Amino acid sequence: FVSDEVLADGAEVAVLNASGTEGLAREVAKQFETTGIRVVEIDRSDTMAFKCQVKGDLKKHKITLEYLINYFDCDKSEGSSGNSQFELVIILGSEY
């Protein structure tokens, strides 16, 4: 279901697969898009991770951030997303 608040927040996100599970980022990106999150890139991470993390400008898109934390059990990590062209980067770890 689409969240009107998330849709209005307008965050553009990248979804990175750091789990080692082929196709996970694409599958999860589809789930994100059904809630109103605008996924602009899907890729693999250069490193492995354990849990779901959200990086980037966490103050700019608080609604999307809170949605990801509450409904997708992601942790937040203030600071650079590693790629400044994306407002938020979601890193999916092996325990996502």
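Residues numbered from 1 in each chain as written. Predicted model: local features only at pLDDT ≥ 70, side-chain atom pairs only at ≥ 80, totals over all residues. Heavy atoms only, no water.

1. Let's talk about the pairing of strand β3 (residues 53-56)
The cut-off we apply is this: Burial classes: relative accessible area under 20% of the type maximum marks a residue as buried, over 50% as exposed, and values in between as partly exposed (1.4 Å probe, protein chains only). Numbering of helices and strands starts at the N terminus; helices are DSSP runs of H or I of at least 4 residues and strands are runs of E of at least 2. Here, strands pair whenever DSSP counts at least two bridges between them. The path from the first strand over the helix to the second decides the hand: if it runs clockwise while the strands point away from the viewer, the crossover is right-handed.
Every second residue of β3 is oriented toward a common face, the buried set being V54 and G56 and the non-buried set Q53 and K55. Bridging between β3 and strand β4 (residues 75-78) involves four bridges; their strand directions are parallel. The residue of β4 that forms the bridge with Q53 is D75. Of the crossover connections in this fold, the one passing from β3 over helix α3 (residues 62-72) to the parallel β4 is right-handed. Sheet analysis places β3 next to strand β5 (residues 88-92), joined by three bridges and oriented antiparallel.

2. So, the sheet that holds β3
We apply this condition: Lines fitted to the C-alpha atoms define the axes, with helices restricted to the stretch that makes contact. Angles between their N-to-C directions range from 0 to 180 degrees. Any two residues having at least one pair of non-hydrogen atoms within 4.5 Å are treated as being in contact.
With mixed pairing, the five strands of this open sheet are ordered in space as β2-β1-β5-β3-β4. Each edge of the sheet is formed by a strand with only one pairing partner; in this case those strands are β2 (38-44) and β4. When the angles between neighbouring strand axes are averaged without regard to direction, this sheet yields 25°. Those strands touched by helix α2 (residues 24-34) are β1 (12-17), β2 and β5, and its axis lies near 170° from that of β2.

3. Quick notes on α2
Just so we agree on the cut-off: Each C-beta atom gives one direction from the helix axis, and the arc is the one those directions make.
L24, A25, V28, A29 and F32 are the residues of α2 that are buried. Down the axis, α2 shows its buried residues gathered within 120° of arc, on one side only. The exposed residues of α2 that point more than 90 degrees off its buried face are R26 and K30.

4. Details of the pattern of salt bridges
Rule in force here: The salt bridge criterion pairs a side-chain nitrogen of Lys or Arg with a carboxyl oxygen of Asp or Glu, the two atoms within 4 Å.
Following the criterion strictly, the structure yields four salt bridges and no others. One salt bridge in this structure joins D73 and K51, with 3.6 Å as the shortest N-O distance. Of this pair, D73 sits in the loop between α3 and β4 while K51 sits in the loop between β2 and β3, and the two are 22 residues apart along the sequence. Two residues, K60 and E87, come together in a salt bridge whose shortest N-O distance is 3.2 Å. Here E87 lies in the loop between β4 and β5 and K60 lies in the loop between β3 and α3, a separation of 27 residues in the sequence. A single network of salt bridges, built from pairs that share partners, joins K51, D73 and D75.

5. A closer look at the packing of aromatic side chains
For any two aromatic rings, the description comes down to two numbers: the centre-to-centre distance and the angle of the planes. Convention followed: When two rings of Phe, Tyr or Trp (its six-membered ring) have centres within 6.5 Å they constitute a pair, described as stacked for plane angles under 30 degrees, edge-to-face for angles over 60, and tilted for the intermediate range.
For the structure shown, the criterion picks out three aromatic pairs. Judged by centre distance (4.6 Å) and plane angle (35°), the rings of Y67 and Y71 are tilted. Placement of the pair is Y67 and Y71 together in helix α3, with a separation of four residues, close to one helical turn. For Y71, a relative accessible area of 56% gives the class exposed.

6. A short note on the layout of surface pockets
Applicable threshold: For cavity detection a 1 Å grid was placed over the protein atoms alone, and a set of points counts as a cavity when a 1.4 Å probe fits there but cannot get out; an open set counts as a pocket when protein lies on both sides within 12 Å along at least five of seven lines, with lining residues being those that have an atom within 4 Å of a point. Grid points are joined across faces, edges and corners, and a volume is the space filled by probe spheres set on the points. Throughout, the ten residues Ala, Val, Leu, Ile, Met, Phe, Trp, Tyr, Cys and Pro are labelled nonpolar, Asp, Glu, Lys and Arg are labelled charged, and all others, Gly among them, are labelled polar.
Computed from the structure, the largest pocket encloses a volume of approximately 250 Å³. A class-by-class count of the residues in the lining of the largest pocket yields four nonpolar, six polar and five charged.

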